[in-house]
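Residues per chain, in single letters:
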Amino acid sequence: MYVLIVPASVPFVLLATVMGLSWWEDHILPLPAEPVDHPAKAPFAPAAPARLAELPRVDTALTREVAGR
């Protein structure tokens, strides 16, 4: 009979442990001196602006030379 009590009480022991740790965290641990801010990320700035490819003119026929640019 005692063999059945131990496995049945495990969830309650775990629940009591978690609740005890939660209480301990709220009441015993000191509060942080100042709020912790996440470090600000530097905005991404490319070293040099990208050059756009020159588009073919509207009246230019589409050839391999023009299409390969």
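Residues numbered from 1 in each chain as written. Predicted model: local features only at pLDDT ≥ 70, side-chain atom pairs only at ≥ 80, totals over all residues. Heavy atoms only, no water.

Description of the overall build of the protein chain
Thinking step 1. Looking only at helices and strands, the protein chain features two helices and zero strands.
Thinking step 2. Buried residues in the protein chain amount to 1% of all 69 residues.
Thinking step 3. Here the protein chain has roughly 7600 Å² of accessible surface; of this, 69% comes from carbon and sulfur atoms. (Helix = DSSP H or I, 4+ residues; strand = E, 2+ residues; numbered from the N terminus. Buried < 20%, exposed > 50% of the residue type's maximum accessible area, 1.4 Å probe, protein only. Areas by Shrake-Rupley, 256 points an atom, 1.4 Å probe, with all protein chains shown as cover.)

Focus on a nonpolar patch on the surface
Thinking step 1. Together, Leu21, Trp23, Trp24, Ile28 and Leu29 make up a nonpolar patch on the protein surface, roughly 530 Å² of accessible area in all.
Thinking step 2. Position of Leu29 among the secondary structure elements: in the loop between helix H1 (2-27) and helix H2 (64-67). (Patch = residues over 30% accessible without salt bridge, like charges linked within 9 Å, V, L, I, M, F, W, Y side chains within 5 Å. Salt bridge = Lys/Arg side-chain N within 4 Å of Asp/Glu carboxyl O.)

Section: H1
Thinking step 1. Here H1 spans 36 Å end to end across 26 residues, near enough to the 38 Å set by a 1.5 Å rise per residue.
Thinking step 2. In terms of residue burial, H1 counts as a barely covered element, since only zero of its 26 residues are buried. (Expected span 1.5 Å × (residues − 1).)

What to know about the environment of Thr17
Thinking step 1. Within the fold, Thr17 resides in helix H1.
Thinking step 2. Polar side-chain contacts of Thr17 include one of 2.8 Å to the backbone oxygen of Val13. (Polar contact = N/O pair within 3.5 Å; in protein donor to acceptor, adjacent residues only side chain to side chain.)

Remember, this is a structural readout, not a statement about activity or role.
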